[in-house]
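Per-entry structural report
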Amino acid sequence: MKKNVILLALVTLLASCGAFSSLNSGTSINANEKFVLGSNPHGNFHTHLRNDGATTLSVYQAPNNGGTHSPITLKPTESAFIKTDKNTALVIENTETKMGYVTLKVKGDLNLGMVFQKNAQTK
């Protein structure tokens, strides 16, 4: 009985500290826009994302102090698992002319800023 009480207390403590927390989101991304996850100071996080739309999405990481790295292309129905470093944003870009849809499951530091931005126009 004593072991069960200690186990229950430990599980409750871990759950209250966010050890089992995750962010689950279905996100729509307008044509020629990007969704930026983690544009603020934060710790490491990892994301499982699935392209649930009919558009091809560009996904890359952007350190908050500048630059980009680790680009991937996510075609419709494809999934990816991405580990993102401290103070680095995960950018999901829809460069097509119709709405894009992505499902996200994020774990790790969930104190993440989220913003939509227009894509830079190319000439």
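Structure report, in brief.

Analysis parameters
- Residues numbered from 1 in each chain as written.
- Predicted model: local features only at pLDDT ≥ 70, side-chain atom pairs only at ≥ 80, totals over all residues.
- Heavy atoms only, no water.
- Salt bridge = Lys/Arg side-chain N within 4 Å of Asp/Glu carboxyl O.
- Helix = DSSP H or I, 4+ residues; strand = E, 2+ residues; numbered from the N terminus.
- Buried < 20%, exposed > 50% of the residue type's maximum accessible area, 1.4 Å probe, protein only.
- Pairing = 2+ DSSP bridges.
- Axes fitted to C-alpha atoms, helices over the stretch in contact; angles between N-to-C directions.

Across all of its chains, the model carries two salt bridges by this definition. A salt bridge links E33 to K118, with the nearest nitrogen and oxygen atoms 3.3 Å apart. Pair noted here: E33 is in strand 2 (residues 33–37) and K118 is in strand 9 (residues 114–118), with a separation of 85 residues, a long-range link. For the salt bridge of R50 with D52, the shortest nitrogen-to-oxygen distance reads 2.6 Å. Take R50: its relative accessible area is 35%, and that puts it in the partly exposed class. On the accessibility criterion, D52 (39% relative accessible area) is partly exposed.

A positive phi angle is found at N32, which is not glycine, with a value near 55°. The topology assignment puts N32 in the loop between strand 1 (23–29) and strand 2. On the basis of relative accessible area, N32 is assigned to the partly exposed category, the value being 33%. Positive phi is not limited to glycine here, since N87 has a value of about 55°.

The subject of this paragraph is the sheet that holds strand 5 (residues 69–74). Taken in spatial order, the five strands line up as 5-4-7-2-9 in an open sheet, and their pairing is antiparallel. The open sheet terminates on both sides in strands that have one partner only, identified here as strand 5 and strand 9. On average, each strand axis in the sheet is inclined to that of its neighbour by 20°, with strand direction left out of account. Across five bridges, strand 2 lies against strand 9 in antiparallel orientation. If you follow L37 over to strand 9, its bridge partner there is M114.

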